Amino acid sequence: MEVLTVIAISAAASVAVTLVVVLGIQRIRRDAAGRSAEKIRSDAEREAEHLLRDARVSAKGETIKMREECEAELKERRREQSNVEKRLAQREELLDRRADSMDAKLKSIEKQEAEIAQMRERVANREQELNKSISRQIDELERISGYSREEAREVLLEKLKNEVRNESGLVVRNVLEEAKERSEKEARRILTYAMQRYASDCTYERTTATIPLPSDEMKGRIIGREGRNIRAIESATGVSILIDDTPEAVVISCFDPVRKEVARKLMEKLIGDGRIHPTRVEDLAKKIAKEQEEELFQVGEAAVLETGIPGVSPQIMKMLGRLKYRYSFSQNVLQHSLETAYFMGIIAAELGLDEKKAKRIGLFHDLGKAIDHEVEGPHAQIGADVLRKYNEAKDVVHAVAAHHGEIEPESLYDILINICDTLSASRPGARSETTELYLKRLEQLENIAHDFPGVESCFALQAGREVRVVVVPEKVSEGEAQMLAKEICERIEKEMTYPGQIKVTIIRETRSVEYAK
């Protein structure tokens with residue numbers, strides 16, 4: 001029991017000691033915290049005083065700066081206001097001066113109006129006096145002449161009419177004689193000038209085309225088994241194929257120049273390819289016909305661009321292209337139309353007419369020849385109907401219809417197209433046939449030979465049946481001379497159409513001869 005009591009007393013004493021220790025520690029901590037807080041507070045107060053002092057200094061500086069800026073702006077505004085007041089004063093002074101000037105001008109105008117009114121009054125009085133004087137003089141003249149005013153006027157008019165009639169008759173006769181003489185001289189000058197300004201080449205007219213063959217064996221292939229190939233060609237192109245005893249050649253005959261050209265190209269392709277049968281003939285004919293249509297349009301378009309005519313229908317361009325394969329006597333119709341257009345433009349410019357309209361009439365005047373083998377009637381009327389269909393101007397249509405005198409001319413263009421058409425057809429060299437062909441064949445032969453390297457000169461002889469080519473010995477050897485002759489022959493066979501054969505002679509130190517058959 002005592003032990004328990006001792007233990008309890010010991011535990012209580014331990015608890016009491018612990019409490020005392022804890023309370024002591026807490027008091028010590030509170031004292032330390034109080035001293036720390038006091039120090040923090042004093043530091044914060046000192047920092048706040050420093051910040052407040054700095055803020056006051058900064059605010060005072062900003063205030064001074066703002067005050068200075070406000071004073072400067074106020075001075076600037078006062079200066080601007082002063083300038084505005086000065087300008088207003090100057091403007092007011094200027095307006096005052098203008099008002100004084102306007103008042104002076106108004107007084108001057110009023111003075112002038114008063115003077116004009118006085119002058120009008122004096123003029124009216126003077127006019128009355130003149131009318132009275134004229135009336136007195138007329139009365140005196142009537143008394144002296146014994147005629148009234150109306151009678152005297154009729155007598156004078158009659159006398160003047162007779163005098164004017166006689167004088168005008170003499171003047172008109174002299175003017176007509178002089179005009180006739182001048183017009184003849186001017187017409188000769190204009191026509192001569194137009195002919196000197198233009199010259200062109202013409203080609204011989206043909207309704208057949210001769211196609212050279214590599215050998216007579218090709219004739220049988222063209223005819224085909226039981227004639228099916230030749231019938232397919234004629235059916236696809238609308239031409240006649242003539243195969244006779246002429247060696248290594250067939251003839252195409254057709255009055256439609258475009259069909260003849262299509263057939264010629266078709267035959268050349270078939271012969272060059274070597275594959276000839278009806279199916280291929282039909283396919284190739286369609287392809288060539290389509291290409292031919294495109295070529296016709298391009299040719300017509302080139303003619304229109306060359307003459308500078310605006311607003312031409314594409315259908316008319318295509319018909320112009322057909323004229324490339326149409327000939328009148330020895331003259332190509334498209335070339336003839338271009339010549340006529342140029343003549344029309346030159347003469348129209350000399351006469352002061354519309355040059356573009358004149359060229360349009362000249363280019364279209366033979367348009368009917370493109371389809372005259374399909375449509376009945378004179379080509380002038382056919383061409384006029386075509387132009388009317390595509391909404392050409394009435395005076396252009398009438399000039400085309402009248403260019404051969406089949407209808408009466410109505411304008412100067414109608415007469416002018418007749419003159420220019422004749423001028424193009426009858427000018428020297430326009431329709432020379434054999435001479436033209438001869439010269440062209442010789443020129444073409446010489447040009448072919450000149451195209452080869454090493455050729456020094458060449459001469460076409462015997463109406464184009466022989467070509468003699470002189471070569472440079474240093475550039476062409478003996479072996480090359482023979483090859484050169486062969487190559488020239490191949491070019492001639494490929495590019496030219498000619499009867500018989502052409503002999504090609506290469507002249508060097510030795511001569512090598514080859515024949516183009």
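Everything below is about the structure printed above this text.
For the structure given in this document, a descriptive report is provided here. (Residues numbered from 1 in each chain as written. Predicted model: local features only at pLDDT ≥ 70, side-chain atom pairs only at ≥ 80, totals over all residues. Heavy atoms only, no water.)

**Focus on the overall build of the protein chain**
Helix and strand content of the protein chain: 14 helices and nine strands. When each of the 517 residues of the protein chain is scored for burial, the buried share is 30%. Pairs at least 24 apart in sequence give 60% of the contacts found in the protein chain among residues at least 6 apart. Surface exposure of the protein chain reaches about 34,400 Å², of which carbon and sulfur atoms provide 54%. (Helix = DSSP H or I, 4+ residues; strand = E, 2+ residues; numbered from the N terminus. Buried < 20%, exposed > 50% of the residue type's maximum accessible area, 1.4 Å probe, protein only. Contact = heavy atoms within 4.5 Å. Areas by Shrake-Rupley, 256 points an atom, 1.4 Å probe, with all protein chains shown as cover.)

**A word on unusual backbone geometry**
Positive phi, normally seen in glycine, also occurs at E226, with a value near 55°. With respect to the helices and strands, the residue E226 is situated in the loop between helix 3 (217-223) and helix 4 (228-237).

**Focus on the environment of G224**
Relative to the helices and strands, G224 is located in the loop between helix 3 and helix 4. Residue classification places G224 among the buried positions, given a relative accessible area of 18%. Separated by 52 residues in the primary sequence, G224 and I276 have C-alpha atoms spaced 8.1 Å apart.

**What about the pairing of strand 7 (residues 466-471)?**
Bridge count for strand 6 (residues 455-461) against strand 7 is six bridges, and the pairing is antiparallel. Residue C458 lies in a different strand from strand 7, and its bridge partner there is V469. Bridging between strand 7 and strand 8 (residues 502-507) involves five bridges; their strand directions are parallel. What sits directly across from V467, in strand 8, is V504. (Pairing = 2+ DSSP bridges.)

**Let's talk about the side chain of R508**
Inspection of the secondary structure assignment puts R508 in the loop between strand 8 and strand 9 (511-516). From its side chain, R508 meets the backbone oxygen of P473 in a polar contact 3.0 Å long. With residues up to four places along the chain from it excluded, the contact list for R508 reads V471, P473, V476, S477 and E478. (Polar contact = N/O pair within 3.5 Å; in protein donor to acceptor, adjacent residues only side chain to side chain.)

**Section: the nonpolar core**
Grouped together as the largest cluster of nonpolar side chains are 27 residues, with contacts concentrated most on L320, L363 and F364. Only helix 6 (278-307), helix 7 (314-322), helix 8 (333-351), helix 9 (355-364), helix 10 (379-389) and helix 11 (394-401) provide two or more residues apiece to this core. Not counting the four nearest positions on each side in its chain, L320 is found in contact with G300, V304, L334, L363, F364 and L367. In this structure, I241, I252, A263 and M267 belong to the second largest nonpolar core, which totals 24 residues. (Core = buried A, V, L, I, M, F, W, Y, C linked by side-chain atoms within 4.5 Å.)

**Things to note about the side chain of H403**
Examined against the element boundaries, H403 turns out to sit in the loop between helix 11 and helix 12 (412-426). Looking at H403, its side chain comes within polar contact range of the side chain of H379, at 3.4 Å. A polar atom in the side chain of H403 sits 2.6 Å from the backbone oxygen of V400. Contact partners of H403, with chain neighbours within four places excluded, come to H365, D366, H379, A380, I417, N418 and D421.

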